[in-house]
Amino acid sequence: QVQLVESGGGLVQPGGSLRLSCAASGSIFSIGAMGWYRQTPGKQRERVASITRGGSTNYADSVKGRFTISRDNAKNTVYLQMNSLKPEDTGVYYCNAGIMSMHSPLVLQDCWGQGTQVTISS
């Protein structure tokens, strides 16, 4: 009943910007930390950015100064603003969240979106 729906992926040129969003829906009791991960060709999946419910953020060294993660708790949504994009940013971006559903509010579920393709090329 609880799912994450991502949007905003696409094709942009190097130096461009892209804004990803991920909205959680369903019978949600509460959402803890949320984050963005990416699967880059030739590399293992890595955490790009994360944000706690209170707004504390963490970024991978490769995206610091270029990416900004934010969230809107009222909308159960997390965003990833990506600026100064580079070809190496190409990959499938996955939304992740720790969610407590109404059906089992004492259990923190590790939920994932289906992923959205981000391609940076000229």
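The structure reproduced in this document is the subject of the present report. Computed from a predicted model, the values in this text were never measured in an experiment.

## A look at the overall build of the protein
In step 1: When you go through the protein residue by residue, the secondary structure sums to zero helices and 11 strands.
In step 2: Mapped in sequence order, the helices and strands of the protein form the string β-β-β-β-β-β-β-β-β-β-β.
In step 3: Radius of gyration (C-alpha) of the protein: 14 Å, near the 14 Å computed for a compact globule of 122 residues.
In step 4: Principal axes of the C-alpha set define a box for the protein whose edges measure 45 × 25 × 25 Å.
In step 5: Put simply, the protein has 122 residues, and 42% of those count as buried.
In step 6: If you take every contact in the protein between residues at least 6 apart in sequence, the share linking residues at least 24 apart comes to 56%.
In step 7: Approximately 6,400 Å² of the protein is accessible, and the part contributed by carbon and sulfur atoms is 48%.
In step 8: In the protein, 11 positive and 7 negative side-chain charges are present, and the distance between their average locations comes to 4 Å.

## Focus: the pattern of salt bridges
Side-chain pairs of opposite charge can arise whenever the charged atoms involved come near each other.
In step 1: Applying the stated criterion to the full structure yields four salt bridges.
In step 2: The salt bridge involving R38 is made with D89; its shortest N-O contact spans 3.0 Å. Here R38 is found in strand β4 (residues 28-39), whereas its partner D89 is found in the loop between β8 (77-82) and β9 (91-101), with 51 residues between them in sequence. Just as R38 is buried, D89 falls in that class too.
In step 3: Sharing partners across several salt bridges, the network here consists of R38, E46, R66 and D89.

Reading the values: rules and limits
- Residue positions within a chain follow its written sequence, with the count starting from 1.
- At least 70 in pLDDT is required for a residue's local features to be given in this predicted model, at least 80 for side-chain atom pairs to be given and counted, and no such filter applies to totals for whole chains, interfaces and linings, which use all residues.
- Only heavy atoms go into the side-chain values, all of them from the structure, while hydrogens and water stay out.
- Numbering of helices and strands starts at the N terminus; helices are DSSP runs of H or I of at least 4 residues and strands are runs of E of at least 2.
- Only the C-alpha atoms count toward the radius of gyration. The rule for a globule is 2.2 Å times the residue count to the power 0.38.
- Between buried and exposed lies partly exposed: a residue is buried under 20% and exposed over 50% of the maximum accessible area for its type, with that area taken using a 1.4 Å probe on protein chains only.
- Here a residue-residue contact requires only that any non-hydrogen atoms of the pair lie within 4.5 Å.
- Note on areas: Shrake-Rupley, 1.4 Å probe, and residue coverage restricted to the protein chains presented here.
- Positive charges come from Lys and Arg alone, negative charges from Asp and Glu alone, with His and the N- and C-terminal ends not counted.
- One atom stands in for each charge, and that atom is NZ of Lys, CZ of Arg, CG of Asp or CD of Glu.
- The salt bridge definition used is simple: a Lys or Arg side-chain nitrogen within 4 Å of an Asp or Glu carboxyl oxygen.

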